Amino acid sequence: LMGVYALTNAFAYVAGYDFTSDSNSLQIAVEAEALDATPYGLGWRQYTGGLKSSTFDMAGFWQSAASQAVDPEAFAALGAADQVFTFGTSQIEGDPAFLFQGMKASYELGGAVGVVAPYSLKAVGSNGVGAVRGKLTKSRGNVSATGPLGTGLTLTAPTATQFVYCTVHIFTAGTTVTLQLQSDDNGGFSTPTTIATIGPLTTSGGTW
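Just so it is clear, the model here is predicted, and its values are computed rather than measured. (Residues numbered from 1 in each chain as written. Predicted model: local features only at pLDDT ≥ 70, side-chain atom pairs only at ≥ 80, totals over all residues. Heavy atoms only, no water.)

Undergrad: Looking at this structure, I do not really get the overall build of the chain. What am I missing?
TA: Within the chain, the regular secondary structure consists of one helix and twelve strands. Counting from the amino terminus, the chain carries its helices and strands in the arrangement β-β-β-β-α-β-β-β-β-β-β-β-β. Seen along its three principal axes, the alpha-carbon backbone of the chain occupies a region of about 65 × 55 × 40 Å. In the chain, the proportion of contacts linking residues at least 24 apart, taken out of those at least 6 apart, comes to 61%. Here the chain displays about 13300 Å² of accessible surface, and carbon together with sulfur accounts for 55% of that area. Distance from the positive charge centre (8 side chains) to the negative charge centre (14 side chains) of the chain: 4 Å. (Helix = DSSP H or I, 4+ residues; strand = E, 2+ residues; numbered from the N terminus. Contact = heavy atoms within 4.5 Å. Areas by Shrake-Rupley, 256 points an atom, 1.4 Å probe, with all protein chains shown as cover. Lys, Arg positive; Asp, Glu negative; His and termini not counted. Charge placed at Lys NZ, Arg CZ, Asp CG, Glu CD.)

Undergrad: What am I meant to see in unusual backbone geometry here?
TA: Among all residues save glycine, negative phi is the norm, and among peptide bonds the norm is trans. With omega at 10 degrees, the peptide bond leading from Gly 199 into Pro 200 counts as cis. Of note in the backbone geometry, Ala 15 takes a positive phi value of approximately 50 degrees without being a glycine. When you line up the elements, Ala 15 lands in the loop between strand 1 (11-14) and strand 2 (17-18).

Undergrad: Can you walk me through the nonpolar core in this structure?
TA: Nonpolar side chains in soluble globular proteins tend to end up buried together. The biggest cluster of nonpolar side chains holds 18 residues, and the ones touching the most others in it are Phe 19, Phe 56 and Met 58. Listing elements by their share of this core, those giving two or more residues are strand 1, strand 3 (23-36), strand 4 (47-61), helix 1 (70-76), strand 5 (83-88), strand 6 (96-109) and strand 7 (118-125). Tallying contributions element by element places strand 7 first for this core, with three residues. In this structure, Met 58 is in contact with Val 14, Phe 19, Ser 25, Leu 26, Phe 85, Tyr 119, Ser 120 and Leu 121, ignoring residues within four places of it in sequence. (Core = buried A, V, L, I, M, F, W, Y, C linked by side-chain atoms within 4.5 Å. Buried < 20%, exposed > 50% of the residue type's maximum accessible area, 1.4 Å probe, protein only.)

See the structure below:
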């Protein structure tokens, strides 16, 4: 059972809203179509991979307040493509996270009498980049000064045909935030190189 742990601290950031504390079920599914490529005489079915897709399901406890609640966040953007999603099974910096651009495709609310009002929300990938497996660099927190943020991560350097992807979620905007994504050849970041500048960001929302 090495590596097994209880799912108690998963998170889901969608655009400018944190669904974590509203949810008790979060699940991403990434799949490739299995296309039948069986010729005569083989005796066994033979398959080849086709188009890939991603879906994200969340469910939990419904709220109807005018702001910072499930209902306005889920309903208003229903059907809007390329919203920024970041999901992980742990909010510990350095742990795996999944990033994708999706569309909220279905939203359900209501349940049986006498229970806490539930909701469920399903999203599907809406961008050709697909789902990206990465790591959580900075957990949720307040930013009020300049300086380094998050945890330095050891990642395999991309090739000339690959890209580095990053998501940023602002839940409550103050004035302006500008972020630099940096790399270095040592874990202490003594000689960092800026590889991307994100912002300035002035409003709540998600940035890909």
